[in-house]
Amino acid sequence: MSFALHPVSQAVSRTMKPALGLSLALIAMPSFAEEETSTENLDTITVTASALKVETPLAETPRSVSVIDEEQLSVQQPQKLDEALRYQPGVMTQPYGSDNNTDWFKIRGFDAATYLDGNRLFNTGYYTWNLEPYGLEQIEVLKGPASLLYGEAPPGGVVNAVSKRPGYTEGGQLEVKGGSRNLHQIGIDTTSFVDEDGDVRFRLVALMSEQDGTLDDTYNNRVYLAPSLAWDINSDTSITFLASWQQDDGVPTAGFFPAYGTLIDTPQGTIDPSTNYGEPGYDKNESNQYSLGYELEHYINDTWQFKQNTRYAYTDLLLRSTYAFGSETSADLGRGIVYRDGSTQMLSMDNQFIANWGLGNTDNTTLLGVDVQQFKNDSMEADDWGPYGGTTPNIDAFHPQHGNIVPIDDRATPVHIKKEQLGVYAQQQVKFNEKFIAKLGGRYDIVRLQNENVTSDEDIHNDHFSLSGGVMYITEFGFTPYVSYSESFEVIASVDASTGKAYKPLEGKQTEAGFKYEPSFFNGYFNFAWFNLSQENGLVYDPTTAQQTQTQELTSQGVELESVTHVTKDLLARANYTYTDAKSDDGLGNEQRTALIPRHMASGWLEYDFSSLGLDSFVVGAGVRYMGTSVGSTSDGSGTLHVPAVTLYDAMARYDITPKWRAQVNVNNLTNKEYVSSCDYYCYYGEEMSATATINYTW
């Protein structure tokens, strides 16, 4: 989706305020005997996340973290990153419908940052980095402000995608997939040893796919290539090199619909969800992504470990996207055009010193780090807002006629944005008598933002202290209550169209309390979290400019419940519920409910393996997703739109034909429910029924 409403919707990063004194003093201590921390709790459930930077069981982490492992990705077969997050508590996915060139999700009512292997993927305006799920082995969701570990970023949290990398088993997989909207896909994933003992290993993941979009005459073709090389230099040192190239070529889906004909009944009837108000003969999305990086790990001694994570990423984009404006009273829709032709460059390096040591009746983990990040965007940009003095002609909502358009390519003007960040952070975790856990961390960031365009030339310097801390109590029966506090700030590498100036930094704060429960009498866990999250200088839509501008405060309070349980050896059950009360306050006493965000969300998934009944390797799954009512605003900002609740059903079946051949079918929105997923000043249709059939050959 390419549009004027959310140009900064996923600008990324994070921060922390240093309580460095304690942690810096610890570095001068002698090397204490290392207490090895167990990272295994349940054989079938992933309990650690690399997004935490220190391997810690999630049951001993005083905040909410969810992990989608490789098996769950295999079961769900997502085609996009946001599809993989559908069954996660606190996460609203695809609020703008199914989009073929951007991933969209909200966490606890706010935007969240996207990372790849712990490296920031800047998503600024229309320059977004699209992740290919076939190249991932795990997705981690760290909820709420995470500045301590990552520097400046939005308060919703972190979605960290973990790339596939060489393992210690040679072999591979060939995958062929077909499905709805003319999906055709072929992928290969293979690992081999470079030397005889496997100290040097190589992995190649490659994919080609094509699929039509949800709107008429839209599509996307993709080529993806990701080689990686792992080298165990010796028993103390290893390095992994990771590279990727991805090319997308298609016509973007700009799924902006009016309330008239979607939420609001009309004499003409209901608008077909596949209606395209763009210009298929003019609109275009051409994107190339390249990345190259490495991960270095070195054990200095029995106490100290050093990690260095570095990545360079480059994107090149040509985007032309025509879209319609909203309306509540008429089928005659104004339209606009977005034009972007440019590139982004991202460079990040994170240096970490980690110490595990014991003293008296305490086990301690010290994390010290310095990271640097740089982002550059050089672009030729043009926007045309037809009803706001532009030249783009209107279109009929029920009988659109294409071809009557004035290209805006020659109106483009240069924009240069550069953002640099230097962060120093420290975190200390202390475990007392195997019962109490305390974490305290801080970070100091220096950020410089340079913004140059035809209306302004700004050079802005920001520095920020951020804090994070939490405490937990571990009982003998697996019950661990906790409370935590965290902060964030975000410097947006974009311009407020209402003022022509760079946005002010956004500042987030969160208090969270809850418990994690892993009973000893069965295989599973339960999590509960209450959160209170706020952000100063939050972004809201300005109907006079069709862009985002800043308000006084955005708040979000709620609860999350999550359960993953192996009811029997053959039956897996996942269930979650989220309540989110998200509001915005303009500072003048005008408080209103935040658009897009439902107060109630819930989902459940059952998965049964029929092997014990004599049907070896036959697995079926069924899921239900519920999104409660939400609100939006009329196109002139004077009224409120009410979006009804919806319940959706999903299903899958998998059968291992032989030890090498596997067949699988996935169906989402099983009943082909036609629904409006959400509204702000536009309305967005949810994705129609989609089905995929997958054949795998493994060697």
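Residues numbered from 1 in each chain as written. Predicted model: local features only at pLDDT ≥ 70, side-chain atom pairs only at ≥ 80, totals over all residues. Heavy atoms only, no water.

- Per an unreviewed UniProt entry, the protein goes by the name Ligand-gated channel and belongs to Vibrio algivorus.
- UniProt's Subcellular location (unreviewed entry) comment on the protein is quoted here verbatim: "Cell outer membrane".
- The record held by UniProt for the protein lists under Sequence similarities (unreviewed entry) the comment "Belongs to the TonB-dependent receptor family." (UniProt positions renumbered as here; feature names shortened; annotations may be inferred.)

**Regarding the pattern of salt bridges**
Here comes step 1: The full count for this structure, using the stated rule, is 42 salt bridges.
Here comes step 2: Between Asp-384 and Arg-411 there is a salt bridge, and its shortest N-O distance comes to 2.7 Å. In this pair, Asp-384 is assigned in strand β17 (residues 362-385) and Arg-411 in the loop between β18 (395-396) and β19 (413-432), connecting sequence segments 27 residues apart.
Here comes step 3: For Arg-411, a relative accessible area of 33% corresponds to the partly exposed category.
Here comes step 4: In this structure, Asp-581 engages Lys-583 in a salt bridge whose closest nitrogen and oxygen atoms are separated by 3.8 Å. (Salt bridge = Lys/Arg side-chain N within 4 Å of Asp/Glu carboxyl O. Helix = DSSP H or I, 4+ residues; strand = E, 2+ residues; numbered from the N terminus. Buried < 20%, exposed > 50% of the residue type's maximum accessible area, 1.4 Å probe, protein only.)

**Regarding the side chain of Gln-94**
Here comes step 1: Take Gln-94: it is sitting in the loop between β2 (91-93) and β3 (105-107).
Here comes step 2: With relative accessibility at 7%, the residue Gln-94 sits in the buried group.
Here comes step 3: Not counting residues within four places of it along the chain, the set of residues in contact with Gln-94 comprises Lys-80, Asp-82, Glu-83, Arg-86, Trp-104, Ser-677 and Glu-687. (Contact = heavy atoms within 4.5 Å.)

**Observations concerning the packing of aromatic side chains**
Here comes step 1: All chains considered together, the criterion is met by 32 aromatic pairs.
Here comes step 2: When the ring of Trp-661 is compared with that of Tyr-697, the centres are 4.8 Å apart and the planes differ by 50 degrees; the resulting orientation is tilted. With Trp-661 in strand β37 (residues 661-668) and Tyr-697 in strand β40 (residues 690-698), this residue pair connects regions lying 36 residues apart in the sequence.
Here comes step 3: On the accessibility criterion, Trp-661 (40% relative accessible area) is partly exposed.
Here comes step 4: Linked through ring pairs, Tyr-96, Trp-104, Phe-256, Tyr-323, Phe-325, Tyr-388, Tyr-682 and Tyr-684 together constitute an aromatic cluster.
Here comes step 5: Geometry around Tyr-134 places Lys-164 over its ring, the cationic atom sitting 4.3 Å from the centre.
Here comes step 6: Sitting over the ring of Tyr-168, Arg-201 keeps its end group 4.0 Å from the ring centre. (Phe/Tyr/Trp six-rings, centres within 6.5 Å; stacked < 30°, edge-to-face > 60°. Lys NZ or Arg CZ within 6 Å of the ring centre and 35° of its normal.)

**Observations regarding a nonpolar patch on the surface**
Here comes step 1: Together, Leu-174, Val-176, Ile-186, Ile-188, Met-208, Tyr-655, Ile-657, Trp-661, Ile-695 and Trp-699 line one region of the surface with nonpolar side chains, adding up to about 890 Å² of accessible area.
Here comes step 2: Residue assignment for the nonpolar patch shows that the elements contributing at least two residues are β8 (171-179) and β9 (183-193).
Here comes step 3: Of note, Ile-186 is situated in strand β9.
Here comes step 4: Overall, Ile-186 belongs to the partly exposed group, its relative accessible area being 42%. (Patch = residues over 30% accessible without salt bridge, like charges linked within 9 Å, V, L, I, M, F, W, Y side chains within 5 Å. Areas by Shrake-Rupley, 256 points an atom, 1.4 Å probe, with all protein chains shown as cover.)

**A closer look at unusual backbone geometry**
Here comes step 1: The backbone of Asp-117 sits at a positive phi, close to 55 degrees, despite the residue not being glycine.
Here comes step 2: Taking relative accessible area as the criterion, Asp-117 reaches 5% and is therefore assigned buried.

**So, the nonpolar core**
Here comes step 1: Formed by 22 residues in total, the largest nonpolar core has its most connected members in Leu-81, Leu-85, Phe-105, Leu-131, Ile-139 and Val-159.
Here comes step 2: Secondary structure elements with two or more residues in this core: α3 (81-84), β3, β6 (136-143) and β7 (157-163).
Here comes step 3: Broken down by element, the residue count for this core peaks at three residues, all from β6.
Here comes step 4: Apart from the residues lying within four places of it in its own chain, the contact partners of Leu-81 are Asp-103, Phe-105, Thr-114, Leu-131, Pro-133, Leu-136, Ile-139 and Val-159. (Core = buried A, V, L, I, M, F, W, Y, C linked by side-chain atoms within 4.5 Å.)

**Concerning the confidence of the model for the protein**
Here comes step 1: The predicted model of the protein has a mean per-residue pLDDT of 90, with 90% of residues at 70 or higher.
Here comes step 2: Confidence over residues 2-46 falls short of pLDDT 50; this stretch has 192 contacts with residues more than four positions distant or in other chains. (pLDDT = per-residue confidence, 0-100.)

**Quick notes on the pairing of β7**
Here comes step 1: For β7, the buried fraction is high: seven of the seven residues fall into the buried class.
Here comes step 2: Because side chains alternate across β7, one face comprises the buried residues Gly-157, Val-159, Ala-161 and Ser-163, and the other comprises Val-158, Asn-160 and Val-162, equally buried.
Here comes step 3: Of the pairings in the sheet, the one linking strand β4 (residues 113-116) to β7 comprises four bridges and is parallel in character. Across the sheet, Leu-116 pairs through a bridge with Ala-161, a residue of β7.
Here comes step 4: Pairing of β6 with β7 involves seven bridges; the strand directions are antiparallel. Considered in β7, the bridge of Leu-136 is made with Ser-163. (Pairing = 2+ DSSP bridges.)

**Some remarks on the sheet that holds strand β1 (residues 65-68)**
Here comes step 1: Taken in spatial order, the five strands line up as β1-β6-β7-β4-β5 in an open sheet, and their pairing is mixed. Edge strands, defined here as strands with exactly one partner in the open sheet, are β1 and β5 (119-120).
Here comes step 2: Where β4 and β5 come together, two bridges link them in antiparallel fashion. The residue bridging Tyr-115 from the neighbouring strand is Arg-120, located in β5.

**Some remarks on the environment of Glu-70**
Here comes step 1: Positionally, Glu-70 belongs in helix α2 (residues 70-76).
Here comes step 2: Glu-70 sits in the partly exposed class, given a relative accessible area of 38%.
Here comes step 3: When the C-alpha positions of Glu-70 and Gln-138 are compared, they lie 5.5 Å apart, and in sequence the two are 68 residues distant.
Here comes step 4: When sequence neighbours within four positions are dropped, the list of residues in contact with Glu-70 reads Glu-137, Lys-164 and Arg-203.

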